[in-house]
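Each chain is listed here by its residues.
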Amino acid sequence: DTEVTQTPKHLVMGMTNKKSLKCEQHMGHRAMYWYKQKAKKPPELMFVYSYEKLSINESVPSRFSPECPNSSLLNLHLHALQPEDSALYLCASSQDTGTLDEKLFFGSGTQLSVL
Amino acid sequence: QKEVEQDPGPLSVPEGAIVSLNCTYSNSAFQYFMWYRQYSRKGPELLMYTYSSGNKEDGRFTAQVDKSSKYISLFIRDSQPSDSATYLCAMSAKTGRRALTFGSGTRLQVQP
């Protein structure tokens with residue numbers, strides 16, 4: 001199983017809403033990532049979790065709050081977002097950020113629209 | 001100057017053509033090189049992974065790395081309409097910050 005599963009596939013939310021994006025992998029990977037991708041742009045790294053601990057936060061605004069409940073699950077909690085936060089949010093996993101072998105496997109993403 | 005440069009295209013070719021996609025980079029610390037394929041509104045899919053200079057072949061795909069020129073390529077033989085997608089190069093360093101650095105992606109259209 002080389003699949004990273006993300007839910008929901010699409011999400012529309014207002015600026016005062018609170019919502020969560022979910023990601024799951026069963027490949028035994030110990031590193032999990034959140035990326036944000038705007039149309040026709042490459043993915044931009046937001047957060048990295050390594051062994052369930054936050055290891056990289058790319059100066060992401062606090063309205064995005066990541067959570068890694070266990071090694072298979074990754075959540076991204078959203079609150080008071082702005083319309084410019086509308087994007088494709090991608091989850092990825094890799095074996096271990098401690099090795100040099102960083103083959104990332106991506107989910108299909110959540111297409112988020114903020115109204 | 002961006003660390004990784006990639007022509008955004010679009011690149012339009014007829015079915016059956018050989019496609020050449022390229023990236024240049026400036027950071028000599030990059031050691032691992034990857035190509036991802038991304039269909040519209042989907043996540044990137046890892047196609048090829050190489051370490052150090054040389055060629056790697058997988059079916060219709062060949063990845064080439066020339067570290068002396070800081071230049072990587074992806075060749076697609078016998079291109080198919082199903083190859084129409086955006087192709088992203090990505091690379092990571094041996095030391096320091098190890099997160100992937102992506103190129104901006106090249107949009108490929110294979111015409112039937």
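Now for a quick tour of the structure. These figures come from a predicted structure and were not determined experimentally.

Below, the discussion takes up the nonpolar core. Among the nonpolar cores identified, the biggest contains 25 residues, and B:W35, B:I72, B:L74, B:Y87 and B:M91 are the most heavily contacted of them. The greatest single-element share of this core, amounting to five residues, is contributed by strand β9 (residues 85–93) of chain B. Among all residues touching B:Y87, those that are not within four sequence positions of it are B:Q6, B:L21, B:Y36, B:R37, B:L47, B:L74, B:I76, B:G105, B:T106 and B:L108. Among the nonpolar cores identified, the runner-up in size contains 23 residues, and A:C23, A:M32, A:L78 and A:L81 belong to it.

Before going further, it helps to examine the interface of chain A and chain B. Contacts between the two partners involve 22 residues from chain A, matched on the other side by 19 residues from chain B. For the pair chain A and chain B, the interface holds zero salt bridges. Elements that contribute at least two residues to the side of chain A that touches chain B include exactly β4 (31–37) and β9 (87–94) of chain A.

Residue and element names in this part refer to chain B. Strand order across the open sheet formed by five strands is β1-β3-β8-β7-β6, with antiparallel pairing between neighbours. Strands with a single pairing partner mark the edges of an open sheet, and in this sheet they are β1 (4–5) and β6 (54–58). Summarising the sheet, β1 and strand β3 (residues 19–25) pair through two bridges and their orientation is antiparallel. The residue bridging V4 from the neighbouring strand is Y25, located in β3.

Gaps left between atoms show up when a probe the size of a water molecule is rolled over them. The volume enclosed by the largest pocket comes to roughly 980 Å³. Taken together, 38 residues line the largest pocket, and the ones lying closest to its centre are A:Q37, A:K38, A:K40, A:K41 and A:P42. Going through the elements one at a time, β4, β5 (44–50) and β9 of chain A together with β9 and β10 (101–102) of chain B are the ones with two or more residues in the lining of the largest pocket. A total of three residues in the lining of the largest pocket trace back to one element, the largest contributor, which is β9(B). Class assignment of the residues belonging to the lining of the largest pocket gives a composition of 15 nonpolar, 12 polar and 11 charged. Of the volumes computed, that of the second largest pocket is approximately 310 Å³.

Calculation rules
- Residues numbered from 1 in each chain as written.
- Chains lettered and ligands numbered in written order.
- Predicted model: local features only at pLDDT ≥ 70, side-chain atom pairs only at ≥ 80, totals over all residues.
- Heavy atoms only, no water.
- Core = buried A, V, L, I, M, F, W, Y, C linked by side-chain atoms within 4.5 Å.
- Buried < 20%, exposed > 50% of the residue type's maximum accessible area, 1.4 Å probe, protein only.
- Helix = DSSP H or I, 4+ residues; strand = E, 2+ residues; numbered from the N terminus.
- Contact = heavy atoms within 4.5 Å.
- Salt bridge = Lys/Arg side-chain N within 4 Å of Asp/Glu carboxyl O.
- Pairing = 2+ DSSP bridges.
- 1 Å grid on protein atoms, 1.4 Å probe; cavity = no way out; pocket = protein on both sides within 12 Å on 5 of 7 lines; lining within 4 Å.
- Points joined across faces, edges and corners; volume = space filled by probe spheres on them.
- Nonpolar A, V, L, I, M, F, W, Y, C, P; charged D, E, K, R; others polar.

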